[in-house]
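Survey of secondary and tertiary structure
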Amino acid sequence: MKQQGAHPEDTEGTPDASSRPDTADPGAAHIDEVEGDEPLLPARVHRPSDLMRLLAGVLAVVVLLAIAAFAHGTTSGLEQDITKGTGQAPDLLIKIAGLASSIAILLVPVAFAIERLIKRDGLRIADGVLAAVLAHGVTLATDLWVARAAPDSIQEALTQPSPGDIHALTDPVHGYLAPVIAYMTAVGMSRRPRWRAVLWVVLLLDAFSMLVTGYTTPFSIILTVLIGWTVAYGTLYAVGSPNVRPTGRTLMAGLRTVGFRPVTASRVESGDASEAGDRGRRYFVTLEDGGPLDVTVVDREQQAQGFFYRAWRNLALRGFATRSSLQSLRQALEQEALLAYAAIAAGANAPKLIATSELGPDAVMLVYEHSGGRTLDSLPDEEITDDLLRDTWHQVRALQSRRIAHRRLVGDAILVDRSGTVILTDLRGGEIAAGDLLLRMDTSQLLVTLGLRVGAERAVASALSVLGPDTVADCLPMLQPIALSRSTRGTLRQLARERAEREREAVLEAYRQSKPARAEHGPHQVVLDKPDKKAVRAEQRAEKRAVDEAMEEAREEDLLTQIRHEVLRIRPQAPVEPARLERVRPRTLISFIAGAIGAYFLLTQLTHIEFGPLVENAEWGWVAAAVLFSAASYVAAAMALLGFVPERVPFVRTVAAQVAGSFVKIVAPAAVGGVALNTRFLQRAGVRPGLAVASVGASQLFGLGCHILMLLAFGYLTGTEKTPSLSPSRTVIGGLLTVAVLVLVVTSVPFLRKFVVTRVRSLFAGVVPRMLDVLQRPQKLVTGIGGMLLLTACFVMCLDASIRAFGDETTSVSIASVAVVFLAGNALGSAAPTPGGVGAVEATLTVGLIAVGLPKEVAAPAVLLFRLLTLWLPVLPGWLAFNHLTRKAAL
């Protein structure tokens, strides 16, 4: 088979014709030509099925060991029953089985290796040898663990006295059997019926002979098989399996088996690589007699693409899901064929399916009549007429009239032939008998797809003319990124980044143009001339007005908002609140896992502590001091924020906003909830949105710098407090070296360097001008810095008072050590995705206090009291403050 361009008689009659050369045009784009086969394919692929088998094997090993550890009576009874049953076997049978299994366990793998080498499949043998070596290493590690560290119940389940030496124990895992199983699994012997039968006979004979002679236990046999099986699939997933994707010759042979006489075939590249696995590989095939064909090939490797993405969508979304993540090839073939027939029966223009067939055990093909045409993505803007838009909506209405959901109405799934007729392709992921939710999602997806090409106004107008205002209005709750295709979400994110960059550049340009007077008169000149305060304020108001006007002019609505506004002009009462489509959010899942880990750690620390005597002997004066320090932290937080806001904002109301933040950070990560609340509060207080974000960003940036400096300073003091010299501790030196290595890695890797530079540039674009405003007001700068230092001091003193409440003079630690522990715990809590840093902060503080010399019996309750005063008890006052500020329109 030869890779070639478009059909010479129809230069616009092939899918993606814009990317395929016309054979009559010598200057057309070149497509790689390969004689007799496909373009180069990856030699190895990482199959999700291998990973799933690996995880299943690990889970089975864990369950087996758990049964052996906690069901000792059951395991002992099972071993006795098996020993009693096998002990009645004739001696001659036992000897024959042992001899046959000993020979076969070595000969069978060698025979299979020779058979694979004859068929030039040496890569599989190499995979098997690697898996066998790894399995042998795992068996040695398991034997060592069982002998030295495993509980007695597990040791009794996996070993027994050796028949040859009653003072020695049998091996927990068979060092030769597990590698053989790993080898035989990795080379693919289990997928061949005859070799699989031989494999099972050998395994059963060996297990029988070992059990009868007393050299193993039933649990040892099962563990050996699981280890070999698990290591084999782990090896296959790590190094990849040989690619068994059908070649072009296989496709040509398959077409001949269903009655066609193909002449040439050329690969049609998919427009979106991220969703190519859902679309299958496509070919344009010419025949000796008759018109050309469009052939779609789906194989196991391609079907596995996007496996984890589909699995996550099925788990996370409620009410609907993508197609099954474990769909077989037969199911995929039947689903696409059914949808093709159903779409045509509904009266929609869809490719006509004329044949299906399997291409061996690992691929299937679907043969369609050649549709021809170009995709919507490849059409120039002037060719996308209103009639074309309406025709597209007519096709979708035909599908929805029979309850058929397309599920992927993106630009490359909409084909326009030479006569201008719209054809809907890529029906493989659709559904029949679809519910209202899926049909509304199709409508919202097509609105966005067309809006990306012709704008929101024309897209909505064409939909209204065909579907009617009620149907279009009903799709507004589905108009959210999660309901759209992956490629559409990526396009919207790119547009959002470009829009934000334009807005930022406009504001910066306005800021630069509004500073001519400041450029002529520096800060010293302003002080010497002592200008009129009214003139200075007038200049500042003019500057603020210029920046606000630039922000208003540069502000652009995103496409989804534009579509909503267009629909609301026709149906003002239409529902616009986004529907709740997510069952589980990634942040919620991460928060749950992190919280569970933190809770487990705390519970393990608390199990050996008697709280009764501890509470009775607590110093309640120090508890009261800890409460006062916790309350003072909200005043310090208000100072730290207002120090970076040049505008006048009420101080008491700012303190109330910080109290309200104690409620918000319970339902959001610590680094997110406070930033969002303070930004909203400043906007409600009269600060422009851009300036409010810049003020909070400046406060966060300055706070980060202070946090790092204080951590290094107190770490230095902690390292020198017990030594006469002023040399820092090894921990501080190690931390500095670690930071230096991370900086070198980030600067040397292009991807990481670009990521960091982009984030830093966006941060400094808005924050630095705001900090320059603050620097011109020394009293504000003193307030901000003083508030940050006071905030840290309040928390450190609160933690120290909590320690003193449960400790005594013999268990006290220095303030510098407490400060280091708090700063490290606070940094980790800010980075943790859990609300309020739950789990991460408690674990870090407890481990840190134990590391600086505090007994566990004092560290654990001290941390609990500290978190109770700074996180949990303020929730109720925070909720009251939040509601009060909300009623006052301050939030």
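As the structure is a computational prediction, the values presented were derived from the model and not from experiment.

1. Re the sheet that holds strand β7 (residues 293-299)
Taken together, five strands build an open sheet; the order of strands is β5-β6-β7-β9-β8 and the sheet is antiparallel. The strands lining the two open edges of the sheet, one partner per strand, are β5 (262-268) and β8 (353-358). Each neighbouring strand pair of the sheet contributes to a mean axis angle of 25°, computed without reference to strand direction. Note that β7 and strand β9 (residues 363-369) share seven bridges and pair antiparallel. Across the sheet, residue D299 finds its bridge partner in β9, namely A363. Where helix α9 (residues 248-257) meets the sheet, its contacts fall on β5, β6 (281-287), β7, β8 and β9, and the angle it forms with β5 comes to roughly 130°.

2. Observations concerning the environment of G128
Along the polypeptide, G128 turns up in helix α4 (residues 122-148). Between the alpha carbons of G128 and T235 there is a distance of 8.8 Å; along the sequence they are 107 residues apart.

3. Concerning the pairing of β7
Along β7, seven of the seven residues are buried, which leaves the element largely enclosed by surrounding structure. What you see with β7 is no split at all: L293, V295, V297 and D299 on one side and D294, T296 and V298 on the other are buried throughout. Sheet analysis places β6 next to β7, joined by five bridges and oriented antiparallel. Following the sheet pairing, R282 is matched in β7 by T296. Hairpin connection of β6 to β7: five residues between the antiparallel strands, including G290 at a positive phi of 100°.

4. Thoughts on the pairing of β5
Counting buried residues along β5, six of its seven residues qualify, which places the element largely inside the surrounding structure. The pairing of β5 with β6 spans six bridges and is classified as antiparallel. Residue P262 lies in a different strand from β6, and its bridge partner there is L287.

5. Quick notes on the side chain of T654
With respect to the helices and strands, the residue T654 is situated in helix α26 (residues 651-664). Here P650 takes part through its backbone oxygen, which lies 2.6 Å from a polar atom of the side chain of T654. Contacts of T654, omitting those with residues within four sequence positions, involve A638, L641, L642, V649 and F681.

6. Focus on the nonpolar core
Nonpolar side chains in soluble globular proteins tend to end up buried together. Ranked by internal contacts, the top residues of the largest apolar core, which has 45 residues, are W393, L447, V448 and I563. Only α13 (329-345), α14 (386-401), β11 (414-416), β12 (422-424), α15 (436-454), α16 (456-467), α17 (469-474) and α22 (559-570) provide two or more residues apiece to this core. At seven residues, α16 tops the list of elements feeding residues into this core. In this structure I563 touches L447, V448, A456, V460 and L479, once residues within four positions along its chain are discounted.

7. Here's the deal with the packing of aromatic side chains
Summed over the entire model, instances satisfying the criterion amount to four aromatic pairs. Note on W229 and Y233: the rings are 5.1 Å apart at their centroids and 80° apart in plane angle, and the pair reads as edge-to-face. With W229 and Y233 both in helix α8 (residues 218-239) and four residues apart, the pair spans about one turn of that helix. Looking at W229, the relative accessible area reads 27%, which means it is partly exposed. Centre to centre, the rings of F795 and F822 are 5.5 Å apart; their planes meet at 25°, and the pair counts as stacked.

8. Topic: the sheet that holds β11
Here three strands make up an open sheet; going across it, the order is β10-β11-β12 and the pairing antiparallel. The strands lining the two open edges of the sheet, one partner per strand, are β10 (374-375) and β12. Sheet analysis places β10 next to β11, joined by two bridges and oriented antiparallel. Residue pairing in the sheet places T375 in a bridge with L415 of β11. Packed onto the sheet, α14 meets β11 and β12 and runs at close to 35° relative to β12.

9. Concerning α14
A rise of 1.5 Å per residue sets the reference length of α14, with its 16 residues, at 22 Å; its end C-alpha atoms lie 22 Å apart and thus fit the reference within 8%. Inspection of α14 places L388, L389, D391, T392, W393, Q395, V396, A398, L399 and Q400 among the buried residues, and these make up the whole buried set. Considering only its buried residues, α14 is in contact with α13, β11, β12, α15 and α16.

Calculation criteria
Residues numbered from 1 in each chain as written. Predicted model: local features only at pLDDT ≥ 70, side-chain atom pairs only at ≥ 80, totals over all residues. Heavy atoms only, no water. Pairing = 2+ DSSP bridges. Helix = DSSP H or I, 4+ residues; strand = E, 2+ residues; numbered from the N terminus. Axes fitted to C-alpha atoms, helices over the stretch in contact; angles between N-to-C directions. Contact = heavy atoms within 4.5 Å. Buried < 20%, exposed > 50% of the residue type's maximum accessible area, 1.4 Å probe, protein only. Polar contact = N/O pair within 3.5 Å; in protein donor to acceptor, adjacent residues only side chain to side chain. Core = buried A, V, L, I, M, F, W, Y, C linked by side-chain atoms within 4.5 Å. Phe/Tyr/Trp six-rings, centres within 6.5 Å; stacked < 30°, edge-to-face > 60°. Expected span 1.5 Å × (residues − 1).

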